[in-house]
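Overview (structure and organization)
Spelled out from the first residue to the last, the chains are:
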Amino acid sequence: MAAQANFDKVAKLYRWAEYIALGTVLERARTAFLPALQDRHQAFVLGDGDGRFLAALLQQNAQIHAIAVDSSAKMLQLLRRRCSAASPTADARFWTIHASAMHITPPPSTDLVVSHFFFDCLSPLQLEALTKSIAASVQPGTLWLVSDFGLPANPMLRPFAAAYIKALYLAFRTLNCLSVTHMPNISAALTAAGFTCVTRKTFLFGLVYTEIWQLQ
């Protein structure tokens, strides 16, 4: 099984590298469905990097509590700093866990799981195990917010998108951040775990997407 990704080496540069590569596209994907999450109470956030999404979630939803899990200690330091500044009550509403997501399960009260650009760090076996473990730990109706890279529907654009995704994997493997080499089948894993996609948005003709899945 592939080793857990660790982005300590690029933590301080990640935000700016993201902006240089794709501008604000990933940021817009992460926050596109924030208005749909205002009724959520307990979030389980996997690999949120420097915490830009979680900070926005805490600021928008004053009732939500969150657990953020990451294998990168430096990313968690950035996340804690950003989230603490998000709102006056933020410090009392989130906790961080420095661990592999494969070894942590959400509390039964969880009604929102978040994984932005995280599934592409997992092997197919890891993804299958993680989605089934989380599905068994939470209640029906739980939402799973997912953002990641994909291939456009337009066949003329698919080779360019595939080349871009391949280059990303190569870059992070070169930096020893990742051991996996290709995207797992995210939709198949979530469906097999009992989730159904209820809404979806795409960016850059489908190179980037965000979806909400619900446990049936």
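What comes next concerns the included structure.

Calculation notes
Residues numbered from 1 in each chain as written. Predicted model: local features only at pLDDT ≥ 70, side-chain atom pairs only at ≥ 80, totals over all residues. Heavy atoms only, no water. Helix = DSSP H or I, 4+ residues; strand = E, 2+ residues; numbered from the N terminus. Pairing = 2+ DSSP bridges. Axes fitted to C-alpha atoms, helices over the stretch in contact; angles between N-to-C directions. Phe/Tyr/Trp six-rings, centres within 6.5 Å; stacked < 30°, edge-to-face > 60°. Buried < 20%, exposed > 50% of the residue type's maximum accessible area, 1.4 Å probe, protein only. Lys NZ or Arg CZ within 6 Å of the ring centre and 35° of its normal.

Structural notes on the environment of Asn154
Within the fold, Asn154 resides in the loop between β5 (143–149) and α6 (158–174). For the pair Asn154 and Leu22, spaced 132 residues apart in sequence, the C-alpha to C-alpha distance is 20 Å.

A look at the sheet that holds strand β7 (residues 208–215)
In spatial order, the strands read β3-β2-β1-β4-β5-β7-β6; together these seven strands make up an open sheet with mixed pairing. Lying at the two open borders of the sheet, with one neighbouring strand each, are β3 (94–98) and β6 (195–203). Each adjacent strand pair in this sheet contributes to an overall mean axis angle of 15°, direction not counted. For strand β1 (residues 42–46) and strand β4 (residues 112–116), the ladder comprises three bridges, and the chain directions are parallel. Bridge pairing in β4 places Ala43 opposite Leu112.

So, the packing of aromatic side chains
With the rule as written, the count across this model stands at four aromatic pairs. With centroids separated by 5.2 Å and ring planes inclined at 55°, the aromatic side chains of Phe117 and Phe149 adopt a geometry described as tilted. One end of the pair, Phe117, is in the loop between β4 and α5 (124–137); the other, Phe149, is in strand β5, with 32 residues separating them in the sequence. With 6.3 Å between their ring centres and 50° between their planes, Phe118 and Phe119 make a pair best called tilted. Owing to a relative accessible area of 6%, Phe118 belongs among the buried residues under this scheme. Taking the relative accessible area as the measure of exposure, Phe119 reaches 0% and is therefore buried. In this structure an aromatic cluster arises from ring pairing among Phe118, Phe119, Trp144 and Phe195. One cation-aromatic arrangement involves Arg200 over Tyr209; the distance from NZ or CZ to the ring centre is 4.7 Å.

It is worth stressing that arrangement in space is one thing and function is another; only the former is reported here.
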